[in-house]
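# Coordinate inspection notes
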Amino acid sequence: MKYRMLGRTGLSVSEIGYGMWGVAGWTGSDDTESLLSLQRAVDLGCTFFDTAWAYGDGHSERLLGEVVRNNPDRNLITATKVPPKNRQWPSRREHTLDDCYPPDYVHEYVGRSLANTGLECIDVMQLHTWEDAWLSDDRWVRALEEEKADGRIGAIGISLNRWEPWNGVEAVRSGLVDCVQVIYNIFDQNPQDVLFPACREHGVGVIARVPFDEGSLTGTLTVDSTWPDDDWRSSYFVPENLRSSVEHADALRPLLPKGMSMPEMALRFILGETGVSTVIPGMRKLRHVESNMATSDAGPLGEELMAQLALHRWDREPTSWSQ
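In this report, we go over the structure that sits alongside the text. (Residues numbered from 1 in each chain as written. Predicted model: local features only at pLDDT ≥ 70, side-chain atom pairs only at ≥ 80, totals over all residues. Heavy atoms only, no water.)

## Details of the overall build of the chain
In terms of helices and strands, the chain carries 13 helices and 10 strands. Taking 2.2 N^0.38 as the reference for a compact globule, 323 residues should give roughly 20 Å; the C-alpha atoms of the chain span a radius of gyration of 18 Å, in line with that estimate. Principal axes of the C-alpha set define a box for the chain whose edges measure 55 × 45 × 40 Å. In the chain, buried positions account for 56% of the 323 residues. In the chain, of all internal contacts separated by at least 6 residues, the share reaching a separation of at least 24 is 76%. Accessible surface, the chain as shown: approximately 13100 Å² in total, 49% of it carbon and sulfur. Across the chain, the mean location of the 31 positive side-chain charges is 2 Å away from that of the 48 negative side-chain charges. (Helix = DSSP H or I, 4+ residues; strand = E, 2+ residues; numbered from the N terminus. Rg over C-alpha atoms; globule rule 2.2 N^0.38 Å. Buried < 20%, exposed > 50% of the residue type's maximum accessible area, 1.4 Å probe, protein only. Contact = heavy atoms within 4.5 Å. Areas by Shrake-Rupley, 256 points an atom, 1.4 Å probe, with all protein chains shown as cover. Lys, Arg positive; Asp, Glu negative; His and termini not counted. Charge placed at Lys NZ, Arg CZ, Asp CG, Glu CD.)

Quick look at the structure:
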């Protein structure tokens, strides 16, 4: 495992982190299996674990706390998120700070996350949605700075809406946030345009999420894939999105080097972006943990393949199903 700095935070994080949404809210999640997978990741050098209160109403946070307590000799970096008060993902232009993150509410949910994890301090506390318009009202950051001064949180971060990396650039330039979490993968390359350069200029760390495009970049989806009604993917992969996602993924197959899987190519593409501090694939199975962790040692892809993959950029606009 290789490590990178999370911007100016002073935190050294594993290139491959652990996205913990799936261990709490996706079909087939099992706590025993999840804890075994999380521990295997630790054993293989993973040090960055990203969760959120919204992942099972604190369930994922509780699992993270257990992992940290089981590894007192490891410097594991914890990250979680305050959910928007109106429970709307993504945020919309008309949402105000009082709709989403009034100060008393921010304090309340920092406390809830600390209680769920059983930790005295969470290393990275993020707002789970973001609008750059909220920069005009500094109550959100004052609340987080108060928590930081009290030693209850470390770095301050924001999680950017799907397919809107531009809607966070001003926050980066403001100097108020230490890191941003953004979707970045073979298809979603637009953070390269403005967001990543701004992060480099201002020393802001980048957490790359959704490396497999919610599953399409694993190469396992087909136009006939289905999920239970209570699984989030059933409302995301509506027919128009599923069909298009499968078509875009199939177009990548001729580029796969011999012996390389689609997930490996997807992760190593992301590692080729030096502005990314860590990438957080979701993992619930031991075999996925082991294969994903190994991509750090393998390193970035060759220049020729990176150039070919750059041509598969897929610019999308938020829709009613993009969540």
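Moving on from the coordinates now.
## Let's talk about the pairing of strand β8 (residues 179-183)
Across the 5 residues that make up β8, a large majority, 5, are buried. Alternating residues of β8 divide into Cys179, Gln181 and Ile183 and Val180 and Val182, and every residue in both groups is buried. By the bridge criterion, 3 bridges tie strand β7 (residues 153-159) to β8 in an arrangement that is parallel. Bridge pairing in β8 places Gly157 opposite Cys179. With respect to chirality, the unit in which β7 leads through helix α7 (residues 169-174) into the neighbouring parallel β8 is right-handed. Of the pairings in the sheet, the one linking β8 to strand β9 (residues 205-209) comprises 5 bridges and is parallel in character. Each bridged residue has a counterpart across the sheet, and for Val180 the counterpart in β9 is Val206. (Pairing = 2+ DSSP bridges. Right-handed = clockwise from strand over helix to strand, strands pointing away.)

## So, the side chain of Thr117
Within the secondary structure layout, Thr117 lies in helix α5 (residues 103-117). Residue class for Thr117 comes out buried when judged on its relative accessible area of 2%.

## Considerations on unusual backbone geometry
Residue Pro90 follows Trp89 across a cis peptide bond; omega there is -10 degrees. Locating Pro90 in the fold gives a position in the loop between β5 (77-82) and α4 (97-100). Located in the positive-phi region is Trp163, a residue other than glycine, with phi close to 65 degrees. If you check the backbone angles, Val210 has positive phi at about 55 degrees while not being a glycine. Take Val210: it is sitting in the loop between β9 and α9 (232-236).

## A closer look at α5
Here α5 contains 15 residues, and its C-alpha end-to-end distance of 21 Å stays within 8% of the 21 Å for a straight helix at 1.5 Å per residue. Buried-residue contacts for α5 involve α3 (59-70), β5, α4, β6 (122-127), α6 (139-149) and β7. (Expected span 1.5 Å × (residues − 1).)

## Details of the pattern of salt bridges
Within the structure shown, the criterion is met by 24 salt bridges. The closest approach of N and O atoms between Arg162 and Glu214, which form a salt bridge, is 2.7 Å. With Arg162 in the loop between β7 and α7 and Glu214 in the loop between β9 and α9, this pair connects stretches of sequence that are 52 residues apart. On the basis of relative accessible area, Arg162 is assigned to the buried category, the value being 6%. Judged by its relative accessible area of 10%, Glu214 falls in the buried class. Among the salt bridges present, the one from Arg268 reaches Glu264, with a minimum N-O distance of 2.8 Å. Of this pair, Arg268 and Glu264 are both found in helix α11 (residues 262-271), 4 residues apart, which corresponds to roughly one turn of the helix. Residue classification places Arg268 among the buried positions, given a relative accessible area of 12%. (Salt bridge = Lys/Arg side-chain N within 4 Å of Asp/Glu carboxyl O.)

## Regarding the sheet that holds β8
Pairing within the open sheet is parallel, and its 8 strands lie in the order β3-β4-β5-β6-β7-β8-β9-β10. Edge positions in the open sheet fall to β3 (18-19) and β10 (278-279), since each of these has one partner strand only.

## A closer look at the pairing of β9
Counting buried residues along β9, 5 of its 5 residues qualify, which places the element largely inside the surrounding structure. On β9, burial covers both faces: Gly205, Ile207 and Arg209 on one face and Val206 and Ala208 on the other are all buried. Regarding topology, helix α8 (residues 195-202) serves as the crossover connection from β8 to the parallel β9, and that connection is right-handed. Alignment of β9 against β10, held across 2 bridges, turns out to be parallel. Within β10, the position partnered with Ala208 by the bridge is Val279.

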